[in-house]
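Observations on the model geometry
If you want the building blocks of each chain, they are given just below.
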Amino acid sequence: MQKFTYRIQGDDMQMLEIRLAPGQEMIGEAGAMMYMEDGIEFDVKFGSGGSSGGLMGAIRSAGSRMLTGENMFTTRYSNAARTEQIVAFSSEAPGKILPLNMNDLGGTVIAQRDAFLCASSDAQISIAFQRSLGRGFFGGEGFIMQRIESSGQVFLSAGGMIVEKELRGDRLRIDTGCLVAFQPQINYDVQRAGNVKSMLFGGEGLFLATLQGHGKVWLQSMPVGRLADHILSKMPSSQ
């Protein structure tokens with residue numbers, strides 16, 4: 001299992017510093033790198049970088065990332081120096097960075113389409129369709145998600161504050177945009193938000209994400225889409 005020494009700095013606009021040991025590698029979302037020390041070398045990879053299966057595996061990985069709204073390329077960073085070197089990352093919106101030790105979580109999480117920030121070099125990222133396609137199209141953000149597999153560490157970005165919930169067979173209904181990630185043994189579905197009256201006038205959208213089972217769920221208080229809509233509503237009219 002590959003583990004990093006890391007430090008998360010800041011409060012509402014967080015950044016992540018990772019110390020790579022000599023010869024150690026990792027992958028990051030294209031455009032997420034903030035700075036890197038002189039001994040760090042980087043190379044752009046097609047797909048998730050940790051994909052198996054040669055060229056076809058890379059093509060499948062890149063296609064999955066494109067469908068989830070991510071860049072088809074990831075960046076692989078390696079420490080070519082003889083001492084520890086730092087590479088730092090930041091997310092694209094105000095919020096928090098969520099560190100996950102994948103070995104403690106069974107090696108797999110299902111994450112929101114734009115949540116991935118960086119990870120150990122063995123991380124594989126593939127598509128995870130919401131099983132009910134008809135409802136999924138109306139479910140917005142929760143329709144297409146990412147399956148992230150790794151034996152090391154994964155770092156996700158979230159808007160606003162992060163809330164961790166532990167399900168013990170109970171059911172949790174949430175706005176689809178507020179979902180960051182969950183463990184794969186949890187049953188996930190998109191269901192109608194109440195009756196017709198509440199769907200049309202309740203302000204919560206037509207559908208809600210429903211999670212039930214045993215495992216961890218991570219939520220974000222301010223989805224990027226909601227923040228963008230709020231800012232847009234405050235912009236002065238051109239007329």
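Residues numbered from 1 in each chain as written. Predicted model: local features only at pLDDT ≥ 70, side-chain atom pairs only at ≥ 80, totals over all residues. Heavy atoms only, no water.

Notes on the overall build of the protein
A tally of helices and strands in the protein yields four helices and 17 strands. By the burial criterion, 46% of the 239 residues in the protein qualify as buried. Relative to all contacts within the protein whose residues are 6 or more apart in sequence, the contacts with residues 24 or more apart total 79%. Carbon together with sulfur atoms contributes 53% to the accessible area of the protein, which is approximately 12200 Å² in total. (Helix = DSSP H or I, 4+ residues; strand = E, 2+ residues; numbered from the N terminus. Buried < 20%, exposed > 50% of the residue type's maximum accessible area, 1.4 Å probe, protein only. Contact = heavy atoms within 4.5 Å. Areas by Shrake-Rupley, 256 points an atom, 1.4 Å probe, with all protein chains shown as cover.)

Thoughts on the environment of V190
Structurally, V190 is set in strand β16 (residues 187-192). Of the residues examined, V190 reaches a relative accessible area of 0% and is grouped as buried. In this structure, the C-alpha to C-alpha distance between V190 and T176, residues 14 residues apart in sequence, is 8.1 Å.

Thoughts on the nonpolar core
One recurring pattern in soluble globular proteins is that nonpolar side chains are buried together. Membership of the largest hydrophobic core comes to 19 residues, with the highest contact counts inside it found for L100, V109, I148, L156, V180 and W218. Within the residue set of this core, elements represented by two or more residues are β8 (95-101), β9 (108-111), β10 (116-120), β13 (153-159) and β15 (179-182). Top element by residues in this core is β13. It accounts for three residues. Not counting residues within four places of it along the chain, the set of residues in contact with L156 comprises K96, I97, L98, L100, A111, A115, F116, L117, I148, V180 and A181. Within the second largest apolar cluster, 16 residues are counted, among which are I110, L172, F182 and Y188. (Core = buried A, V, L, I, M, F, W, Y, C linked by side-chain atoms within 4.5 Å.)

Remarks on the confidence of the model for the protein
For the protein, per-residue confidence averages 81 on the pLDDT scale, and residues scoring 70 or more make up 72% of the total. Contacts for the low-pLDDT stretch residues 133-140, under 50 throughout, to residues beyond four places or in other chains number 14 contacts. (pLDDT = per-residue confidence, 0-100.)

A word on the packing of aromatic side chains
Aromatic ring pairs are defined here through the distance separating the ring centres and the angle between the ring planes. Counted according to the given criterion, the structure contains four aromatic pairs. On the numbers, 5.5 Å between centres and 85 degrees between planes, the contact of Y77 with F89 is edge-to-face. Here Y77 is found in strand β6 (residues 73-79), whereas its partner F89 is found in strand β7 (residues 85-90), with twelve residues between them in sequence. Overall, Y77 belongs to the buried group, its relative accessible area being 3%. (Phe/Tyr/Trp six-rings, centres within 6.5 Å; stacked < 30°, edge-to-face > 60°.)

Some words on the pattern of salt bridges
Taken as a whole, this structure holds six salt bridges when the rule is applied. Its salt-bridge partner being K96, residue D12 comes within 3.9 Å of it at the nearest N-O pair. Here the residue D12 occupies a position in the loop between β1 (5-9) and β2 (15-20), and K96 occupies one in strand β8, the gap between them amounting to 84 residues. Look at K96 and you get buried, because its relative accessible area is 16%. Put simply, K216 and E166 hold a salt bridge, and the shortest N to O gap is 3.1 Å. (Salt bridge = Lys/Arg side-chain N within 4 Å of Asp/Glu carboxyl O.)

Focus on the sheet that holds β2
Taken in spatial order, the four strands make up an open sheet running β1-β2-β7-β4, and their pairing is antiparallel. Looking at strand neighbours, the two that pair on one side only are β1 and β4 (33-36), the edges of this open sheet. Within the sheet, the average angular offset between the axes of one strand and its neighbour, ignoring direction, is 20 degrees. Across three bridges, β4 lies against β7 in antiparallel orientation. The partner of Y35 across the bridge, within β7, is A88. (Pairing = 2+ DSSP bridges. Axes fitted to C-alpha atoms, helices over the stretch in contact; angles between N-to-C directions.)

Considerations on the environment of A119
Counting through the fold element by element, A119 comes out in strand β10. Along the sequence, A119 and M26 sit 93 residues apart, while their C-alpha atoms lie 5.9 Å from each other. Once residues lying within four places of it in the same chain are set aside, the contact partners of A119 are F4, M26, I27, Q153 and V154.

Re a nonpolar patch on the surface
Taken together, the side chains of I231, L232 and M235 define a hydrophobic patch exposed on the protein surface, amounting to about 330 Å² of accessible area. Secondary-structure assignment places M235 in the segment after α4 (224-234). What makes M235 exposed here is its relative accessible area of 53%. (Patch = residues over 30% accessible without salt bridge, like charges linked within 9 Å, V, L, I, M, F, W, Y side chains within 5 Å.)

Comments concerning the pairing of β13
In terms of residue burial, β13 counts as a mostly covered element, since seven of its seven residues are buried. Of the pairings in the sheet, the one linking β8 to β13 comprises seven bridges and is antiparallel in character. Paired with L100 across the bridge in β13 is V154. Bridging between β10 and β13 involves three bridges; their strand directions are antiparallel. Bridge pairing in β13 places F116 opposite L156.

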